Amino acid sequence: MPTLPSPSPRTALAAIADGAGAFVIEPVEVRAPVPDEVRVRLKAAGVCHTDHASLHWPGPLVMGHEGAGVIEAVGEAVTDFAVGQPVLLNWAIPCGRCAQCARGNAPLCERTLARDASLGTSAAGSGHTLWNGRPIERSFNLGTFAEYTLVRPEALTPLPPELPLAQACILGCGVMTGVGSAINIADVQPGESVAVVGCGGVGLSVIQGARLAGAGRIIAIDLHQAKLDRARELGATDCIVASRGDTDHQALIKAVLALTGGRGADHAFEATGQAALSFLPLRLVRDGGNALQLSGSHGEVTVPMPWFQWNKRYLTPLYGGCVPDRDLPRLIDWALSGALELASMVDATYRLEELRAALDDMLAGRTTKGVVLFD
Ligand SMILES: [Zn+2]
Ligand SMILES: [Zn+2]
């Protein structure tokens with residue numbers, strides 16, 4: 001019987017964080033897939049605030065955790081995927097067996113949060129990726145700022161060929177977080193009111209999620225009129241230009257109350273990345289409403305306890321409650337039908353060599369969502 005030629009290792013240009021705040025763009029070697037692995041050739045990778053944070057994670061580390069590409073080689077035990085298939089990469093793969101997975105809390109999977117490398121692919125020690133001849137870790141076991149990556153099939157969701165990969169690549173982090181926080185976590189109901197503070201990639205995704213859920217009033221809040229204009233295109237019904245001079249947010253709170261029958265919104269979301277604004281949603285929701293902080297802020301803030309009164313729920317959702325098998329195909333369907341608008345959220349593209357500029361533009365608020373394109 002003739003044997004098929006086995007795939008050989010691939011040299012891939014990759015962005016490698018040094019753990020001390022800097023990174024280099026250098027070649028790595030990505031080995032051939034073992035039987036239950038797939039090698040993906042990245043075509044597009046989204047740039048996220050977490051990528052900037054990853055510059056300080058223990059390094060060296062191949063950066064990037066959002067991406068889409070095309071399958072380039074499959075292990076012999078892989079039956080669900082074939083070479084040439086476009087795929088979306090997912091950074092949080094629930095194990096399906098731990099106590100949190102058993103409760104349906106897929107993003108809180110204890111093994112995912114412990115960065116159990118076996119959920120993505122073999123541990124770095126197995127040498128899946130070599131840099132200067134030594135094994136190297138990858139951001140969230142993906143490392144999408146590289147021309148190739150090796151993963152288990154569970155990290156992949158098939159993409160239809162009609163969906164441009166430069167748009168699809170952002171589904172796996174910011175879009176899922178925003179849309180999922182509205183639909184899965186807040187469980188916005190038809191006709192309910194929603195306020196969103198911060199209209200970057202995550203905030204705009206919350207707005208789209210609220211629209212898809214049938215929310216009545218969707219109030220977008222941002223310092224910049226241009227961001228509010230885009231929010232309106234994506235589903236906001238009302239826009240409030242926030243002012244830095246409104247230091248205790250009294251004017252903002254008054255404006256939201258005026259739009260919500262004097263009682264506050266049913267749901268309010270914070271997506272600014274500013275720790276100081278973490279508890280602002282509590283002041284914008286009605287009694288018994290949902291206040292959600294999506295920035296994942298770590299900063300210290302003081303909260304007057306009356307802000308919680310009465311019966312307000314304060315939540316810090318992770319990854320929009322993403323259950324990959326349920327949620328990612330749904331997002332892809334919505335993107336295909338146009339119900340979920342991605343094209344206008346991607347407002348800058350870069351080559352991998354321009355990653356520094358992509359990070360700087362993101363940090364300065366010049367981009368909603370930057371995407372690194374390969375080829
Ligand atoms: Zn991200
Ligand atoms: Zn689990």
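Per an unreviewed UniProt entry, the protein goes by Histidine kinase and derives from Pelagerythrobacter aerophilus. Its UniProt record, at the heading Cofactor (unreviewed entry), says of the protein: "Zn(2+)". Regarding the protein, the relevant UniProt record gives this comment under Sequence similarities (unreviewed entry): "Belongs to the zinc-containing alcohol dehydrogenase family."

This part covers the pairing of strand 5 (residues 67-74). Counting buried residues in strand 5 gives six out of eight residues, a clear majority hidden from the surface. Judged from the four bridges that link them, strand 5 and strand 6 (residues 86-89) form a sheet pairing that is antiparallel. Among the inter-strand pairings, Val70 is bridged to a residue of strand 6, identified as Pro86.

The sheet built from six strands is open, its strands ordered 14-13-12-15-16-17 with parallel pairing. Strands at the two margins of the open sheet, each flanked by one partner only, are strand 14 (238-241) and strand 17 (313-315). For this sheet, the mean inter-axis angle between neighbouring strands, taken without regard to orientation, is 15 degrees. As defined by bridge partners, strand 13 (residues 218-222) adjoins strand 14 across four bridges and the pair is classed as parallel. Pairing of Asp222 across the sheet is with Val241, part of strand 14.

Bound to the zinc ion (ligand 2) are the protein donor atoms Cys95 (SG), Cys98 (SG), Cys101 (SG) and Cys109 (SG), situated 2.4 Å from the metal. If you look at the zinc ion (ligand 2), its four donor atoms make angles of 103 to 116 degrees with each other, and the shape they trace is tetrahedral. Spacing between the donor residues of the zinc ion (ligand 2) along their common chain follows C-x2-C-x2-C-x7-C. The class for Cys101 is buried, based on a relative accessible area of 14%. Residue Cys109 is classed as buried on the basis of its relative accessible area of 0%.

Note on the zinc ion (ligand 1): its protein donors are Cys48 (SG), His65 (NE2) and Cys173 (SG). The metal-donor distances range over 2.1 to 2.2 Å. Positions of the donor residues of the zinc ion (ligand 1) along the chain correspond to the pattern C-x16-H-x107-C. One end of the pair, Cys48, is in the loop between strand 3 (38-46) and helix 1 (49-53); the other, His65, is in the loop between strand 4 (61-62) and strand 5, with 17 residues separating them in the sequence. The burial state of Cys48 is the same as that of His65; both residues are buried.

For the protein, the assigned domains read domain 1 (10-170 + 342-373) and domain 2 (174-318). Taking only C-alpha atoms, the centre of domain 1 and the centre of domain 2 are 30 Å apart. Listed by partner, the interface residues are twelve residues for domain 1 and eleven residues for domain 2. Note on domain 1 versus domain 2: buried area summed over both sides is about 930 Å², and carbon and sulfur give 59% of it. In terms of surface lost to domain 2, no three residues of domain 1 exceed Ser344, Met345 and Thr368, which account for 49% of the buried area on that side. Here domain 1 and domain 2 share one salt bridge between them. Of the charged contacts in the structure, one is a salt bridge between Arg230 and Asp347, with a shortest N-O distance of 3.0 Å. For the side of domain 1 that touches domain 2, the residue count by class is seven nonpolar, three polar and two charged.

Procedures and definitions
Residues numbered from 1 in each chain as written. Chains lettered and ligands numbered in written order. Predicted model: local features only at pLDDT ≥ 70, side-chain atom pairs only at ≥ 80, totals over all residues. Heavy atoms only, no water. UniProt positions renumbered as here; feature names shortened; annotations may be inferred. Buried < 20%, exposed > 50% of the residue type's maximum accessible area, 1.4 Å probe, protein only. Helix = DSSP H or I, 4+ residues; strand = E, 2+ residues; numbered from the N terminus. Pairing = 2+ DSSP bridges. Axes fitted to C-alpha atoms, helices over the stretch in contact; angles between N-to-C directions. Donors = N, O, S within 2.8 Å, 3.2 Å for Na, K, Ca; no water. Tetrahedral: all angles 85-135°; square planar, octahedral: opposite > 155°, others 65-115°. Domains from an automatic or database assignment. Contact = heavy atoms within 4.5 Å. Buried area = accessible area lost by both parts, 1.4 Å probe. Salt bridge = Lys/Arg side-chain N within 4 Å of Asp/Glu carboxyl O. Nonpolar A, V, L, I, M, F, W, Y, C, P; charged D, E, K, R; others polar.

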